[in-house]
Every structure is written in structure tokens, then in C-alpha cells.
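Chain by chain, the residues run as shown.
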Amino acid sequence: MSPEKLPEPLQIAYSPCPNDTFVFDAWAHGRVPGAPALDVTFADIDITNGMAERGEFDVLKVSYAVLPYILDAYTLLPCGGALGRGCGPLVLTLPQALNSVRAGGTPIADADLTGRTVAVPSEKSTAYLLFRLWAADVVAGGVGEIVVMPFHEIMPAVRDGKVDAGLVIHEARFTYQNYGLHKLADMGEHWERTTGLPIPLGAIIAKRSLGEERLRALAEATRASVHAAWDDPEASRPYVLEHAQEMDPKVADQHIGLYVNEFTAELGDDGYAAIRGLLTRAAAEGLVPPLGPDALAFP
């Protein structure tokens, strides 16, 4: 079934990362019958989070962590986002950091960031929520200073000793060894082990003011674009690589394979359970406002 016609153009913002360009390629290039033209703005997810909080754009890719702050104005689409297994953020250090000692001569044990400086991509990111929930379980003494910096600057900062550790996302999972870094902990492994649920990372949201009928048509267009990308993955390759910031094509393929999956086509029961589970646990830790019972309902 073709998506119902939506007003044109639709103002949309998503990241230049391969999973987003792969998902939206068909729609952005007019290959989804009946869908409106897209006026696309590329921005990293910490930027789109701020756009959502200011009520900018009709449709945005944001962190699930920002949902409690914006669901009065936006609704969560049941497709197009990023959830999965084995795809969580990583905490990285220099290998020699594990052999250093604190004042008093106590060795720093593996996964112990007590009092250490950690660089993160945003304090309103899903990665940060997963990190804080992990730290609450694992780092008994509490982490030290949190430094926010663009995600592409984090690995160089850890490598150069500017911070003790870094929380990384996206393709850094495949490239951190190139910086001589050590994986201290995998936030996704901890989340999956303690909840049994997939890892909720990035969401697609749309303005409630579009109206229920148009929101349903928008979700249908998003889903159709996902399936078009799966049906003809080579068609998306020029768009993906154009915006992949000189990423190795093999890394781009790994990125897409990890972050575009069955939850991208449809959140389903496990997807919704993962999102509500993350935000409920984060609210219990005082990290985000609590969600209302129907906050995640789609028209």
C-alpha cells in the first residue's frame, strides 16, 4: 500500500551516518510512491536533540534519551529508528591506563572508573543513559568529571591522554583499535545481560501537529523507504558514501548491518519494552523525567 500524500516539502533532520542515509535514501530521492519531497538537514544527533527540544522541524532522528522532554510536541514513530543487539556504546581507555595506580598505590581494576574523567558525546543521549546505568551497577565509587565533546573528538582525546576514558558510539565500535585504544566495557552487553532486551539507541519522531492521519502516512513512507533499501541496497550506496565522512565502505556496510534490522521496520513489543525499560530505569536514577503511561503510544 502506498503512503497517503503528505504536504510538501517535509522538513526532516537526521545524521549523515550510514544507517540514517541508508534508511532514508529511497524517500529522499523520490523512490517512495506518494511520499512528499524531503527538505533534508544533516546534523549529528546531539544537534537534532536540541532541535527537538526547540520544536524545530517536522521529523527528526533523536536519542531515545530525549523523549521524556519532547513528547508533548512530538510522537515516536514505530519505525525508522535504531535498536538492536550487540550494538551498544563502548567505554574506551588507553591500555596502559589499566596498569596505572591511584593515589595511595591502589591499582585501577578493569571497568573501574572511580573518580576518573570521562568524555561523552552528550548528556542527553541514549549512550549517556546506558553509561550512567552501567556505572551505577559497576563503578562503586562513582565516576569523576564528565566532559561533553563531539563524538569524533573523543577517541583522539583518550589517545592523547586528555581524558581517562571515552564513551563512543557509531562506527567507533569498528575503528577504535586504529587509535591504540582498549575496550573497557560494552554498555550494550551490560544492558542485554541485565534486561534481556534490545538496546534502544536512536528514534524517529514527528510533530503531533501534523495530525493522526498524516502521521500514519508518514510512518508508512518511512517503512516503505526501509524496505526499498533492503530490496536494492546498491541503490543507496552513493548517498551513504557521500555523507559517510571518508568512512571505509566496509565499515559503512558493518554500520548498516548492525543498526538497520527488524526493529527499524517495526519496533514491535520488544522494541517498545526496551524503550520504556530504559527510560523507566533512567527516571528511577533521576536522570530523566518519568514517562506517562501513554507517552509512547502512536496514533
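For clarity, every value in this text was computed on a predicted model and none was experimentally measured.

(A) Broad picture of the confidence of the model for the protein chain. For the protein chain, the mean per-residue pLDDT works out to 90, and 92% of the residues sit at or above 70. The least confident element of the protein chain is helix 6 (residues 172-175), whose mean pLDDT is 82; the most confident is strand 4 (residues 74-76), at 98. Counting interchain partners and residues more than four positions distant, the pLDDT-below-50 stretch residues 101-110 has 15 contacts.

(B) Region of the structure containing the pairing of strand 9 (residues 165-168). Alternating residues of strand 9 divide into Ala165 and Leu167 and Gly166 and Val168, and every residue in both groups is buried. When strand 6 (residues 90-93) meets strand 9, the two strands line up antiparallel, connected through 3 bridges. When the bridges of strand 9 are listed, Val91 appears paired with Leu167. Pairing between strand 7 (residues 118-120) and strand 9: 2 bridges, direction parallel.

(C) Structural detail: the packing of helix 1 (residues 18-28) against helix 8 (residues 212-231). As a packed pair, helix 1 and helix 8 sit with axes 7 Å apart at the nearest point and diverge in direction by 110°. By the angle between their directions, the pair helix 1 and helix 8 is classed as roughly perpendicular. Contact with helix 1, carried on its side by Phe22, Val23, Phe24, Asp25, Ala26 and Trp27, involves Leu218, Ala221, Thr222, Ser225, Val226, Ala228, Ala229 and Trp230 of helix 8 and no other residues of that element. The residue makeup of the contact of helix 1 with helix 8, split by class, is 11 nonpolar, 2 polar and 1 charged.

(D) Geometry of the nonpolar core. Core analysis: the biggest nonpolar cluster contains 58 residues, and Leu60, Leu67, Val91, Leu113, Phe131, Trp134 and Ile275 have the highest contact counts within it. Examining the composition of this core, we find that 8 residues originate from one element, helix 4 (residues 126-138), more than from any other. Apart from the residues lying within four places of it in its own chain, the contact partners of Leu60 are Ala13, Thr48, Met51, Ala52, Tyr74, Ala203, Ile204 and Ile205. Leu10, Ala229, Val240 and Val260 belong to the second-largest nonpolar core, a separate cluster that totals 30 residues.

(E) Examining the side chain of Lys61 more closely. Positionally, Lys61 belongs in strand 3 (residues 59-63). Note on Lys61: relative accessible area 5%, which makes it buried. A distance of 2.5 Å separates the side chain of Lys61 from the side chain of Asp20, its partner in a polar contact.

(F) Structural detail: the packing of aromatic side chains. Under the defined criterion, the tally for this structure stands at 6 aromatic pairs. Residues Phe24 and Trp27 carry aromatic rings whose centres are separated by 6.3 Å and whose planes lie at 40° to one another, so their mutual orientation is tilted. Of this pair, Phe24 and Trp27 both sit in helix 1, 3 residues apart, roughly one helical turn. Judged by its relative accessible area of 0%, Phe24 is buried.

(G) View of the sheet that holds strand 10 (residues 182-186). Read from one edge to the other, the open sheet built from 5 strands follows the order 8-7-9-6-10, with strand pairing classed as mixed. Two strands close off the open sheet at either side, each with one partner strand: strand 8 (146-148) and strand 10. The average angle at which neighbouring strand axes cross in this sheet is 30°, direction not considered. The sheet contact formed by strand 7 and strand 8 spans 3 bridges and is parallel. By the bridge assignment for strand 8, Val118 is matched with Ile146. Here helix 5 (residues 151-159) sits on the sheet and contacts strand 6, strand 7 and strand 9; the angle it forms with strand 9, its principal contact strand, is near 160°.

(H) Looking closely at the side chain of Ser236. Assignment of secondary structure puts Ser236 in helix 9 (residues 233-242). Of the residues examined, Ser236 reaches a relative accessible area of 2% and is grouped as buried. Leave out the neighbours within four places in its chain, and Ser236 touches Phe22 and Asp25.

(I) A look at the pattern of salt bridges. The final tally for this structure, using the stated rule, is 14 salt bridges. As a salt-bridge pair, Arg116 and Asp164 come within 3.9 Å of each other at their nearest N and O atoms. A residue pair is termed long-range when its members are at least 10 positions apart, and Arg116 in the loop between strand 6 and strand 7 and Asp164 in the loop between helix 5 and strand 9 qualify at 48 residues. Relative accessible area serves as the criterion here: at 28%, Asp164 is assigned to the partly exposed category. A salt bridge links Arg216 to Glu212, with the nearest nitrogen and oxygen atoms 3.7 Å apart.

(J) Spatial organisation of helix 8. In this model, helix 8 (20 residues) spans 29 Å end to end at C-alpha, consistent with the 28 Å of a helix rising 1.5 Å per residue. For helix 8, the set of buried residues is Leu215, Ala217, Leu218, Ala219, Ala221, Thr222, Arg223, Ser225, Val226 and Ala229.

(K) Inspection of the pairing of strand 6 at higher detail. Burial of the side chains of strand 6 extends over both faces: Leu90 and Leu92 are buried on one face and Val91 and Thr93 on the other. Pairing between strand 6 and strand 10: 4 bridges, direction antiparallel. Bridging across to strand 10, Val91 finds its partner in Ala185.

Thresholds applied
- Residues numbered from 1 in each chain as written.
- Predicted model: local features only at pLDDT ≥ 70, side-chain atom pairs only at ≥ 80, totals over all residues.
- Heavy atoms only, no water.
- pLDDT = per-residue confidence, 0-100.
- Helix = DSSP H or I, 4+ residues; strand = E, 2+ residues; numbered from the N terminus.
- Contact = heavy atoms within 4.5 Å.
- Buried < 20%, exposed > 50% of the residue type's maximum accessible area, 1.4 Å probe, protein only.
- Pairing = 2+ DSSP bridges.
- Axes fitted to C-alpha atoms, helices over the stretch in contact; angles between N-to-C directions.
- Parallel < 35°, antiparallel > 145°, perpendicular 65-115°, else oblique.
- Nonpolar A, V, L, I, M, F, W, Y, C, P; charged D, E, K, R; others polar.
- Core = buried A, V, L, I, M, F, W, Y, C linked by side-chain atoms within 4.5 Å.
- Polar contact = N/O pair within 3.5 Å; in protein donor to acceptor, adjacent residues only side chain to side chain.
- Phe/Tyr/Trp six-rings, centres within 6.5 Å; stacked < 30°, edge-to-face > 60°.
- Salt bridge = Lys/Arg side-chain N within 4 Å of Asp/Glu carboxyl O.
- Expected span 1.5 Å × (residues − 1).

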